[in-house]
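Examination of the molecular architecture
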Amino acid sequence: MGAKRQKIDKMQQAPEGIIASEPPSLKSDGDRCVEIPSTLTVKQLADLIKVSAVEVIKQLMRNGIMASINQVIDHDTAAIIASDFGYEVLEGKRLETTSTQKHKRYQRFQEDDTSVQKPRPPVVTIMGHVDHGKTTLLDAIRETKVTATEVGEITQHIGAYQVDIHGQKITFLDTPGHEAFTAMRARGAQVTDIAILVVAADDGVMPQTVEAIDHARAADVPIVVVINKIDKLEANPQRLKQQLAELGLLIEEWGGDVVCVSVSAKKRDGIPELLENLLIVAELEDLKANPVRRAIGVVIEAKLDKTKGPLATVLVQTGTLKVGDPFLVGDTWGKVKAMFNDKGKHLRKAEPATPVEILGLESVPQAGDTLTVTANEREARSLAQKRQEGKRLSALKPPKPLSLSDLYSQIRDGQVKEFNIILKTDVQGSIEPIKTSLEHLNIDRVKVNILHSGSGSITEGDVLLALASKGIILGFNTRPEPGARQLAESEGVDIHCYEVIYNLVDDVEKAMKGMLEPTYVEVVEGHAKARALFPIRGQGKVAGSYVTDGKLTRGALARLMRHGEAIFESSVSSLRRFKDDVKEVSAGFECGVGIEGYSDFEVGDIIECYRKEKR
């Protein structure tokens, strides 16, 4: 606890004009222990230690921290406040979990014989809000002029670069945004060791900044905050630091453990300090790899060049990739004919954490595919053919991702220990009460984890994050964008939208307890457009229609659309081709359609046939 006390003593003093009274007297009514999560709100801490939120806020002020009742504080700060009120903080479990997670992150290429492992350069991903200076920062590090070559000076592709700092190398990945970063994770490629979060001092925290933080946390990588554009007159770094603290990113200056560096990327100010801090963080991560084994890497980007054929930018993760090596990558294969670094220089070999562009592929792989060097070309070709066949078969029976309906069975079988949720609401004010309610639903030792929350419609980035983290998406008074809906359907990501908070929380709780009733989704079978109207004795009018897509089936559920709005729902009561009753009519044919309970058709009406399937 002494080390934490020193950390909190380093925080800013209470602003002038705030009178901080004496700290409360310590209570000692027996052994009182409390377990504190990595982050929590002031209100949650007050509930945990059974004092009023006002008392907690006062105690935070005595320690130089201005916080509101709904503000998020980190574990170390909460531990100090709890100890001030006479509680002993249980930390072993938390520390063990963090250590275990970090160990697992770097366990993928660990060898039994650790003597063959050598330190490797860190791989750093730069993320942040658009136009906050991500690529300009990389230019300053590389002392090049990349941004000017980009369309509209906004990064259009993924680039991988390596820089040498006093004999130590750092590999940088410059991405178009956190969505590309997460799309690779969704394909199983965990390539990043450190995430740089670039935030403009004049703009402050923006929506994409919050998303980048959540995506970096989901990947379980340390975050280094870079406050850019400090040379601007509108720069307000103190306000920015407060905004970051409210998001749970407490910088070292304020007693946290997040490294923060202020820079001016255009003027090249603060760059040496940033690089020095990156090397320190990398040293703490203890990054190692075996350079003498067969190489394994991951595809950062790939393309088809008109003159050179298929090209792939590969980040070598372990082993050494050499010219002439046969390899398997995704469901294709090849042999390294030539390799180039980011400056276009020919290389004969590439060691761990080195990005290279390689020639010699049979076809273009996908970003996120794993490259593995094989014993010979025959083995590479054979394995590629097996993967192509496996891919074809798996496409016929795709794996079922996590959904609310099968959550309980996976919990019961021990497959789920953490239930990841992406939460989107119509307004920012709805997020906190929903998050608080969901985070209290810890049933059967399964933790509810809100990976990302935000206001606005459900986007493709939300779907990618859910796919990468094996989570589900919950929407409150908001709907998915068309592209997001299509991506979710193709990838099998579960999206549930609600209009009442109670129903949202209740469904999650029931799913965790195995009590949720099955839900049904609509599957559209076809559409037909009314071109003419025919009176039928005793039945009113039927619609002479042309089936535009899919098929119409007698007895199927039907919805009548007029001017884009559904005006009646029932079922197809009759279906005729010329004078014959038929069971179904396919696209491209005309037919007479009768709807059960409806006869007021108009020319131009759209008849939509659909069925309901259990989710």
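What this report covers is the structure whose coordinates are included nearby.

Scanning the chain for helices and strands turns up 16 helices and 33 strands. Among the 615 residues that make up the chain, the fraction classed as buried is 48%. Of the contacts made within the chain by residues no fewer than 6 positions apart, 71% connect residues no fewer than 24 positions apart. For the chain, the accessible area works out to roughly 30900 Å², and carbon and sulfur atoms hold 49% of it.

A few words on the pattern of salt bridges. Within the structure shown, the criterion is met by 14 salt bridges. The shortest N-O distance in the salt bridge between Glu590 and Arg531 comes to 3.3 Å. Residue Glu590 is found in strand β32 (residues 590-595), and its partner Arg531 is found in strand β26 (residues 520-536); the two are separated by 59 residues along the sequence. Taking the relative accessible area as the measure of exposure, Glu590 reaches 44% and is therefore partly exposed. Look at Arg531 and you get partly exposed, because its relative accessible area is 49%. For Arg562, the salt bridge identified is with Asp605, shortest N-O distance 2.8 Å. One end of the pair, Arg562, is in strand β28 (residues 557-562); the other, Asp605, is in the loop between β32 and β33 (606-614), and 43 residues separate them in sequence. Comparing Arg562 with Asp605, the two get one shared label, buried. Members of the salt-bridge network, linked through shared partners, are Arg559, Glu569 and Glu608.

Mapped onto the fold, Thr320 is located in the loop between β14 (309-318) and β15 (321-322). Owing to a relative accessible area of 8%, Thr320 belongs among the buried residues under this scheme. Among the polar contacts listed, one links the side chain of Thr320 to the backbone oxygen of Pro291, at a separation of 2.5 Å. Those residues in contact with Thr320 that sit more than four places away from it in its chain are Pro291, Arg293, Ala295, Asp325, Lys349, Ala350, Glu351 and Pro352.

On to the packing of helix α14 (residues 460-469) against helix α15 (residues 482-491). Packed helix pairs are specified by the crossing angle of their axes together with the interaxial distance, meaning the distance between the axes. Two elements in contact, α14 and α15, have axes whose closest approach is 8 Å; the angle formed by their N-to-C orientations is 20 degrees. In terms of orientation, α14 lies roughly parallel with respect to α15. Judged by residue contacts, Glu460, Val463, Leu464 and Leu467 of α14 engage Gly483, Ala484, Leu487, Ala488 and Glu491 from α15. A breakdown of the residues in the contact of α14 with α15 according to their chemical character gives 6 nonpolar, 1 polar and 2 charged.

Let's shift gears to the nonpolar core. Ranked by size, the top nonpolar core spans 28 residues in total, and within it Leu137, Ile170, Phe172, Ile196, Leu274 and Leu278 carry the most contacts. Taken together, the elements giving at least two residues each to this core come down to β6 (123-128), α6 (134-142), β7 (159-165), β8 (168-174), β9 (194-200), β10 (223-228), β11 (259-262) and α10 (271-285). For this core, the element with the most residues is α10, which contributes 7 residues.

Another aspect to go through is the sheet that holds strand β25 (residues 495-498). Note on sheets: strands pair through backbone hydrogen bonds, and any given pair is parallel or antiparallel. Taken in spatial order, the 4 strands line up as β23-β22-β24-β25 in an open sheet, and their pairing is parallel. Single-partner strands in this sheet number two, and they are β23 (447-455) and β25. Strand-to-strand twist across the sheet, computed as the mean angle between neighbouring axes with direction ignored, equals 25 degrees. The sheet contact formed by strand β24 (residues 472-476) and β25 spans 4 bridges and is parallel. Each bridged residue has a counterpart across the sheet, and for Leu474 the counterpart in β25 is His496.

Right, let's get into the packing of helix α13 (residues 431-439) against helix α16 (residues 501-513). It is the contact of α13 with α16, at a shortest axis distance of 10 Å, that shows an interaxial angle of 25 degrees. With respect to their mutual orientation, α13 and α16 come out roughly parallel. You can see that α13 and α16 cross each other, and the crossing is right-handed. For the pair formed by α13 and α16, the contact residues are Ile434, Ser437 and Leu438 on the first element and Ile501, Leu504, Val505 and Val508 on the second.

This next bit is on the packing of aromatic side chains. According to the stated counting rule, one finds 2 aromatic pairs in the structure shown. Ring pairing ties together the aromatic residues Phe568, Tyr598 and Phe601, which thus form one cluster. A cation over an aromatic ring shows up here: Lys308 above the ring of Phe340, its NZ or CZ 5.4 Å from the ring centre. Taking NZ or CZ as reference, Arg559 lies 4.3 Å from the ring centre of Tyr610, over its face.

Mapped onto the elements, Val542 comes out in strand β27 (residues 540-553). For the pair formed by Val542 and Cys591, sequence separation is 49 residues and the distance between their alpha carbons is 9.9 Å.

Attention shifts here to the state of the cysteines. Throughout the structure, instances matching the rule amount to 0 disulfides. With no disulfide of its own, Cys609 lies closest to Cys591 among cysteine sulfurs, the gap being 9.2 Å. Given a relative accessible area of 0%, Cys609 falls into the buried group.

Here the focus is a negative patch on the surface. A contiguous patch of negative charge, built from Asp231, Asp269, Glu273 and Glu276, is present on the exposed surface. With respect to the secondary-structure elements, Asp231 resides in the loop between β10 and α9 (237-246). The partly exposed category is assigned to Asp231, whose relative accessible area is 37%.

Residue pairs three or four apart in sequence face the same way in an α-helix, which turns once every 3.6 residues. Of all 9 residues making up α6, 8 are buried, and the element is well covered by its neighbours. Where α6 is concerned, the buried positions are Lys134, Thr135, Leu137, Leu138, Asp139, Ala140, Ile141 and Arg142. Within two residues after α6, Glu143 carries a phi angle of roughly 55 degrees, on the positive side.

So, how was this worked out
Residues numbered from 1 in each chain as written. Predicted model: local features only at pLDDT ≥ 70, side-chain atom pairs only at ≥ 80, totals over all residues. Heavy atoms only, no water. Helix = DSSP H or I, 4+ residues; strand = E, 2+ residues; numbered from the N terminus. Buried < 20%, exposed > 50% of the residue type's maximum accessible area, 1.4 Å probe, protein only. Contact = heavy atoms within 4.5 Å. Areas by Shrake-Rupley, 256 points an atom, 1.4 Å probe, with all protein chains shown as cover. Salt bridge = Lys/Arg side-chain N within 4 Å of Asp/Glu carboxyl O. Polar contact = N/O pair within 3.5 Å; in protein donor to acceptor, adjacent residues only side chain to side chain. Axes fitted to C-alpha atoms, helices over the stretch in contact; angles between N-to-C directions. Parallel < 35°, antiparallel > 145°, perpendicular 65-115°, else oblique. Nonpolar A, V, L, I, M, F, W, Y, C, P; charged D, E, K, R; others polar. Core = buried A, V, L, I, M, F, W, Y, C linked by side-chain atoms within 4.5 Å. Pairing = 2+ DSSP bridges. Left-handed = near helix turned anticlockwise from the far one by under 90°. Phe/Tyr/Trp six-rings, centres within 6.5 Å; stacked < 30°, edge-to-face > 60°. Lys NZ or Arg CZ within 6 Å of the ring centre and 35° of its normal. Disulfide = S-S within 2.5 Å. Patch = residues over 30% accessible without salt bridge, like charges linked within 9 Å, V, L, I, M, F, W, Y side chains within 5 Å. Lys, Arg positive; Asp, Glu negative; His and termini not counted. Charge placed at Lys NZ, Arg CZ, Asp CG, Glu CD.

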